[in-house]
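Chains, contacts and geometry: an overview
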Amino acid sequence: MVNRIGYPETMKSLLRLLSSLSGRLRRVARHPLLAGLGHLFAAIVMAMAGLAAISAMDPGDFAPALTVTGFAVVGALLMLLAGRPMKPVRRPALFSPAFENERLHDRIWELQEAVAYYREMAEQTAEFRLTLDLDDDRVMASGATANLFADAEARAEFATAARERIERGLERFDFPHRTAEGVRWISWDRMRRRAGPSGADMFCGRDVTRRKGIENDLDDARVRAESANEAKSRFLASMSHEIRTPMSGVIGMAELLLDTPLEPAQRTYAEAIRSSGRALLELIDDILDFSRVEAGHVSIADEPFDPGVLAEEVAELLSVRAAEKAIGLATHIDAGLPSVLVGDSGRIRQILLNLAGNAVKFTDRGSVAISLRARAGNLEIAVSDSGPGIAAEALQRVFEDFEQADSSAARRHGGSGLGLAISRRLARAMGGDITCQSRPGKGSRFVLSIPLKTAGQGGEAGPAAETPLDGRSIAVAGPHRLERDALGATLTDLGAHLVKLTAGKARADGVTVLATPERIGDIDPARCIVLLNPGERGRIEEFRQMGCQGYLIRPVRRAALVARLGAAAFTEAARTMPEAGPESRVEAPAGRRLNVLVAEDNEVNATLIRTLVARLGHQPIMASNGRKALARLKDRDAPAIDIVLMDMRMPEMDGLEATRRLRRLRAFRDLPVIALTANASRADRDACLAAGMSDFLTKPVQQDRLADLLGRFSKASKAA
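Residues numbered from 1 in each chain as written. Predicted model: local features only at pLDDT ≥ 70, side-chain atom pairs only at ≥ 80, totals over all residues. Heavy atoms only, no water.

1. Topic: the pairing of strand S18 (residues 595-599)
Threshold: The buried label goes to any residue with under 20% of its type's maximum accessible area, the exposed label to any with over 50%, and the partly exposed label to all in between, with areas taken from a 1.4 Å probe on protein chains only. By the criteria applied, helices consist of DSSP H or I runs no shorter than four residues and strands consist of E runs no shorter than two, each listed in order from the N terminus. Pairing between strands requires that DSSP locate at least two bridges from one strand to the other. Crossover handedness is defined here as right-handed if the route from the first strand over the helix to the second strand goes clockwise, with the strands pointing away from the viewer.
Counting buried positions along S18 gives four out of five residues, so the element sits mostly inside the fold. The pairing of S18 with strand S19 (residues 619-623) spans five bridges and is parallel. Paired with valine 598 across the two strands is methionine 622, which belongs to S19. In this region the chain leaves S18, passes through helix H17 (residues 603-615) and returns to the parallel neighbour S19; the handedness of that crossover is right-handed.

2. Considerations on the confidence of the model for the protein chain
Put simply, the test is: What pLDDT expresses is the predictor's confidence in each residue, scored from 0 to 100. By definition, residues are in contact when any of their heavy atoms lie within 4.5 Å.
On average, residues of the protein chain score 76 in pLDDT, and 72% of them reach the 70 mark or higher. Mean pLDDT in the protein chain bottoms out at helix H16 (residues 572-575), which sits at 35, and peaks at strand S10 (residues 378-385), which reaches 95. Here residues 83-87 is modelled with pLDDT under 50, and outside its nearest four sequence neighbours on either side it reaches four contacts, counting other chains as well. For residues 567-586, every residue scores under 50 in pLDDT, and the model assigns this stretch 37 contacts once sequence neighbours within four places are set aside.

3. Thoughts on the pattern of salt bridges
Applied cut-off: The rule for a salt bridge is simple: a side-chain nitrogen of Lys or Arg has to be within 4 Å of a carboxyl oxygen of Asp or Glu.
Summed over all chains, the structure comprises 30 salt bridges. Among the ionic pairs, glutamate 312 bridges to arginine 557, the shortest N-O distance being 3.4 Å. Linking glutamate 312 in helix H8 (residues 307-324) with arginine 557 in the loop between strand S17 (550-553) and helix H15 (558-565), this pair joins segments that are 245 residues apart in sequence. Judged by its relative accessible area of 9%, glutamate 312 falls in the buried class. Across the pair lysine 325 and aspartate 364 runs a salt bridge, and its minimum N-O distance is 3.2 Å. Note that lysine 325 is positioned in the loop between H8 and strand S7 (328-333) and aspartate 364 in the loop between helix H9 (345-362) and strand S9 (367-375), a separation of 39 residues in sequence. Among the residues examined, lysine 325 registers a relative accessible area of 25% and is labelled partly exposed. Taking the relative accessible area as the measure of exposure, aspartate 364 reaches 33% and is therefore partly exposed.

4. A closer look at unusual backbone geometry
Cis geometry marks the peptide bond from arginine 554 to proline 555, where omega comes out at -10°. Assignment of secondary structure puts proline 555 in the loop between S17 and H15. The backbone of alanine 376 shows a phi angle near 55°, a positive value even though the residue is not glycine. Tracing the backbone through its elements, the reader meets alanine 376 in the loop between S9 and S10. Phi angles above zero are rare outside glycine, and glutamate 652 is one such case at about 70°. Within the fold, glutamate 652 resides in the loop between strand S20 (643-647) and helix H19 (655-664).

5. Considerations on helix H5 (residues 152-167)
What counts, and what does not: An expected span of 1.5 Å times one less than the residue number is assigned to each helix.
For H5, spanning 16 residues, the distance from its first C-alpha to its last is 22 Å, which sits close to the expected 22 Å at 1.5 Å a residue. Of the residues making up H5, those classed as buried are Ala154, Phe158, Ala159, Ala161, Ala162, Arg165 and Ile166. A positive phi of about 90° marks glycine 169, the residue just after H5.

6. With respect to the packing of aromatic side chains
What counts, and what does not: Two aromatic rings, drawn from Phe, Tyr or Trp (for Trp, its six-membered ring), form a pair once their centres lie within 6.5 Å of each other, and the interplanar angle then sorts them: stacked below 30 degrees, edge-to-face above 60, tilted otherwise. We call a charge positioned over a ring when the NZ of a Lys or the CZ of an Arg lies within 6 Å of the ring centre and within 35 degrees of the ring normal.
The tally for this structure, following the rule as stated, stands at seven aromatic pairs. With centroids separated by 6.2 Å and ring planes inclined at 40°, the aromatic side chains of phenylalanine 158 and phenylalanine 173 adopt a geometry described as tilted. Of this pair, phenylalanine 158 sits in helix H5 while phenylalanine 173 is found in strand S3 (residues 172-179), placing the two residues 15 residues apart along the sequence. With a relative accessible area of 4%, phenylalanine 173 lands in the buried category. Here the aromatic residues Phe128, Phe149, Phe158, Phe173, Phe175, Trp188 and Phe203 are joined through ring pairs into a cluster of three or more. A cation sits over an aromatic face here: lysine 212 above tryptophan 185, 4.7 Å from the ring centre.

7. Side note on the nonpolar core
Quick reminder of the rule: Residues enter a nonpolar core if they are buried and are Ala, Val, Leu, Ile, Met, Phe, Trp, Tyr or Cys, with the set joined through side-chain atoms within 4.5 Å.
Ranked by internal contacts, the top residues of the largest apolar core, which has 42 residues, are Ile370 and Leu448. Considering each element in turn, this core owes the most residues, seven residues, to H9. Contact partners of leucine 448, with chain neighbours within four places excluded, come to Ile348, Ile351, Leu355, Leu379, Glu380, Ile381, Ala427, Asp433 and Ile434.

8. Section: the environment of serine 276
Tracing the chain through its elements places serine 276 in helix H7 (residues 264-294). Judged by relative accessible area, serine 276 falls into the partly exposed class, the value being 47%. In this structure, the C-alpha to C-alpha distance between serine 276 and methionine 247, residues 29 residues apart in sequence, is 9.8 Å.

Written out as structure tokens, the structure reads:
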């Protein structure tokens, strides 16, 4: 039995094969004789294929065989006819000039096809097309494009704008065209540069009027938002001034009241008034700072400052609060930290005051320590406390806006929840950050880290480069661990030998002990230097009678340690504590008595400042606005004014304008003028200095700061 093969499929395959072979042969040999031979060969192959197909079929099945044979014969005849001799066609020889011309013509044809293709694509994507001669500003356009250039002025305007942009290297630009329907914005692309003898450039354009409208709307919205932010900032600044002014009077008067003999209940009420006023002022300051940060009005200054002094000043500001809560407060400045750095000391102070203030606020037992060191090219300021700590899930939340670690309605401590958010943003604006580590019941540690920039090459030596206490054995006795550790680290930096205090240790080995009042009973008073809170100066006589060697006010400054514990501190005279006489209501001025002109329109604040100036031993002279202050200064029959306390905002003439006019007069160009203001921003400080003021005093006016300021000018006046 012979296998049957499906002849239709076989024939189709054979025909495809032969057609392919024939095409390949024609491409290989283009001469007619060779083409004929190829056709003859193909016919023979086809005939042989037909005979093979017949032999593979059943002998009894003649119809398929006849069909295949007929196709083979017809194919062979066609091939023979195609291969008959033809008139030879002359072809150019390889590498001849004629051959090169033909090849170039083929290449030109291909390029023309590509140009037509890309032109069609450009025409489909571009709504407008024109040519522009940049030499004579001739615009050539037709159709819809010509409608954009209805007059010569429009063509000249476009040509000038296009030339200016091309000279700046712009190949794409947007241009507004005035039409009967209104302004249409077209985005033009330079598609061809100076092609052809005319030197004209081709431009394609797309209508982007809708996009421009959206962009303009966004710009308008941005401008409105910025204007709204400016208006909000001005409103908050104005409201801050209006609120701070009466609150300054409330706080100041409460402090004056607390300096008078009061019954216990009256003192409690006065202290409540003062503490409530301070809390309100802190809230106002937080909201004001937050609005400035949100509006992006935060500027970072670069100025030299002493980081150790800054930290000690912040600790002293918080010492009264710490003493009221009976918690310890101390600072430690690492010996390797340069004494002069460059940065924004005001912003760093603000951050540190917030971190340390929170630590004092939330710590009810124990102590708070502020430590500074240089680490990995950064200034690192750490604030540690022994307070309640922060739960892990609340650590991320405390740095968010208006968030607190304890957000429940039953929380013990109030606040706006803005302090840490503002502090972190300020730190990041200076290139640093704030991190926190805490465990519930174990306290918290906040770390401010900012890039360390020194004033000179390598900076100056650290504050403890010398060791004035070298060889001295000193112990620290107190109930608060963090305070003891900070004091001990400072003593070690100063070269002292820190010893652990045990029974009889101070007497046997001659160890000097820094001790808080509650530990004096366990220590030989002759070897004891008592550590007192600012409000405990009245007990100095008590400890002197006990035979104590001396005293230090907490938080203890490094310079105070050196002065008290240095060689001179152990002389016989230094062993005797100063007498603690009755407190005087009027202090004797450090220099000569000054005539102080106070320009203040608020009656309560005027009374407060007048009382404080008189208490410091100087003569207050009052004026209710800038105009009256100028008139008093020009009065030659009245006593000469030594210093002016000038409020910034007053009716008729404010303090800035009064100071500017004052500085135009030769006789008053060197007169000290101190700004008084309820606004504590850097912009206000800059405005005061630009007007010619000498210094800046923020309301509510504190007696210690006013005393330092007047004392400085009083001494300078006496020396002159």
